[in-house]
Amino acid sequence: MDVKIEPSWKEALIEEFGKPYFEELAAFVKDEYKSKTIYPPAKHIFRAFDLCPFSKVEVVILGQDPYHGVGQANGLSFAVGDGVRPPPSLQNIFKEIESDLGTTSPEASKGTVKSGDLSRWAKQGVLLLNATLTVQCGMAGSHQGRGWEEFTDAAIKALSDKKEHLVFILWGNYARAKGAHIDRSKHFVIESPHPSPFSAYNGFFGSKPFSKTNKYLVEQGKKPIDWL
């Protein structure tokens, strides 16, 4: 099956595209886009991979589903399009960045909404990966159990097996479960509760994932991420 995805990822995951589960998944997703309102836009299904080639990945932030509200999902976990008001989880991520790094972005100091399009992170080597890459409008979890989880597990395993000294940021129990595919003897794993308003005060705030990530990257002789 010819899948339009960034070339280095296509090479890393080539075996997946020919498996029966993926062919069934592709047929299901194609039919869903024809008959229903599905997010993100079809051209952005593999945006996380396209903006962050396999060879450039340094950090992985795992999400669960794309946002299912109108105009929100843009193919990157936790992100929204530029000009779209950040949802509560992303607002909490921004709060933790400011607390963790001891600074406030220029946008925040002006009282304006920060851009939620995290492509600026992706282009620095942050893979913003959802476990499920598509969702029906207004129906959270509607495309779970269709094969996306197997595909994204394969992506995580490929990164774990073929690369070294990556940072995996796992927020919440769902992401932690995906972490079973990570070789922790050669990668750095950061775990905490999810940034959702329902759990952020149970350990996400104050967990300092951004400074911990950069400290580890620098220790490995790598360039830190400019989170701001």
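Residues numbered from 1 in each chain as written. Predicted model: local features only at pLDDT ≥ 70, side-chain atom pairs only at ≥ 80, totals over all residues. Heavy atoms only, no water.

## A closer look at the overall build of the chain
Condition: The way it works is that DSSP assigns letters per residue, a run of H or I at least four long becomes a helix, a run of E at least two long becomes a strand, and they are numbered from the N terminus. Note on exposure labels: buried denotes an accessible area under 20% of the residue type's maximum, exposed denotes more than 50%, and partly exposed covers the range between, all computed with a 1.4 Å probe on protein chains only. Residue burial considers only the protein chains on display, and all accessible areas are found by Shrake-Rupley using a 1.4 Å probe. Counted charges follow a simple rule, with Lys and Arg positive, Asp and Glu negative, and His plus the chain ends left uncounted. All charge positions are set by atom: Lys at NZ, Arg at CZ, Asp at CG, Glu at CD.
Secondary structure assignment for the chain yields 10 helices and 6 strands. C-alpha extents for the chain along the principal axes are approximately 50 × 40 × 30 Å. Each of the 228 residues in the chain was classed as buried or not, and the buried ones make up 52%. Carbon together with sulfur atoms contributes 52% to the accessible area of the chain, which is approximately 10,600 Å² in total. Between the averaged position of the 28 positive side-chain charges in the chain and that of its 27 negative side-chain charges there is a distance of 4 Å.

## Re the nonpolar core
Applied cut-off: We define the nonpolar core as a collection of buried residues of types Ala, Val, Leu, Ile, Met, Phe, Trp, Tyr and Cys that are connected through side-chain atoms lying within 4.5 Å of one another. Should any heavy atoms of two residues lie within 4.5 Å, those residues are counted as being in contact.
Formed by 65 residues in total, the largest nonpolar core has its most connected members in W9, F46, F49, I61, W121 and F151. No other element matches the 7 residues that helix α8 (residues 148–162) contributes to this core. Look past the residues within four positions of F46 in its chain and what remains in contact with it is V3, K4, I5, F22, L133, W148 and F151.

## Overview of the pairing of strand β6 (residues 188–192)
For a regular strand, the rule is simple: side chains alternate between the two faces of the sheet. Going by this rule: Pairing between two strands requires that DSSP report at least two bridges joining them. For crossovers, right-handed means that the path from the first strand over the helix to the second runs clockwise, given strands pointing away from the viewer.
Bridge analysis of strand β5 (residues 167–171) against β6 gives 5 bridges, and the strand direction is parallel. Residue pairing in the sheet places L170 in a bridge with E191 of β6. On the question of chirality, the crossover connecting β5 to the parallel β6 by way of helix α9 (residues 172–178) is right-handed.

## Here we look at the packing of aromatic side chains
Where we set the bar: A pair of aromatic rings is counted whenever rings of Phe, Tyr or Trp (Trp by its six-membered ring) have centres within 6.5 Å, and the orientation is called stacked for planes under 30 degrees apart, edge-to-face for over 60 and tilted otherwise.
Inspection of the entire model under this criterion finds 20 aromatic pairs. With a centroid separation of 5.1 Å and an interplanar angle of 70°, the aromatic rings of F17 and F22 are classed as edge-to-face. Overall, the relative accessible area of 1% leaves F17 in the buried class. Where Y201 meets F205, the ring centres are 4.8 Å apart and the plane angle is 65°; that geometry is what we call edge-to-face. Each member of the aromatic cluster is reached from another via a ring pair, and the members are W9, F17, Y21, F22, F46, F49, F54, W148 and F151.

## Topic: the side chain of S77
Counting through the fold element by element, S77 comes out in the loop between β2 (59–63) and α5 (88–101). Overall, the relative accessible area of 0% leaves S77 in the buried class. Once residues within four sequence positions are removed from consideration, S77 is found in contact with I61, G63, L118, L128, L129 and N130.

## Observations regarding unusual backbone geometry
The step from Y39 to P40 runs through a cis peptide bond, and the omega angle for that step is -5°. Relative to the assigned elements, P40 resides in the loop between β1 (38–39) and α4 (47–51). Its identity as a non-glycine residue notwithstanding, H165 has a phi of 60°, on the positive side. Relative to the assigned elements, H165 resides in the loop between α8 and β5. A positive phi angle, near 55°, is found at K208, a position not held by glycine. Secondary-structure assignment places K208 in the loop between β6 and α10 (209–219).

## Regarding the sheet that holds strand β3 (residues 126–130)
Put simply, the rule is: All axes are obtained by fitting lines to C-alpha atoms, using only the stretch in contact for helices, and the reported angles, taken between N-to-C directions, cover 0 to 180 degrees.
Taken in spatial order, the 4 strands line up as β3-β2-β5-β6 in an open sheet, and their pairing is parallel. Single-partner strands in this sheet number two, and they are β3 and β6. When the angles between neighbouring strand axes are averaged without regard to direction, this sheet yields 20°. Sheet strands in contact with α10 are β2, β5 and β6, and its direction is about 165° off that of β5.

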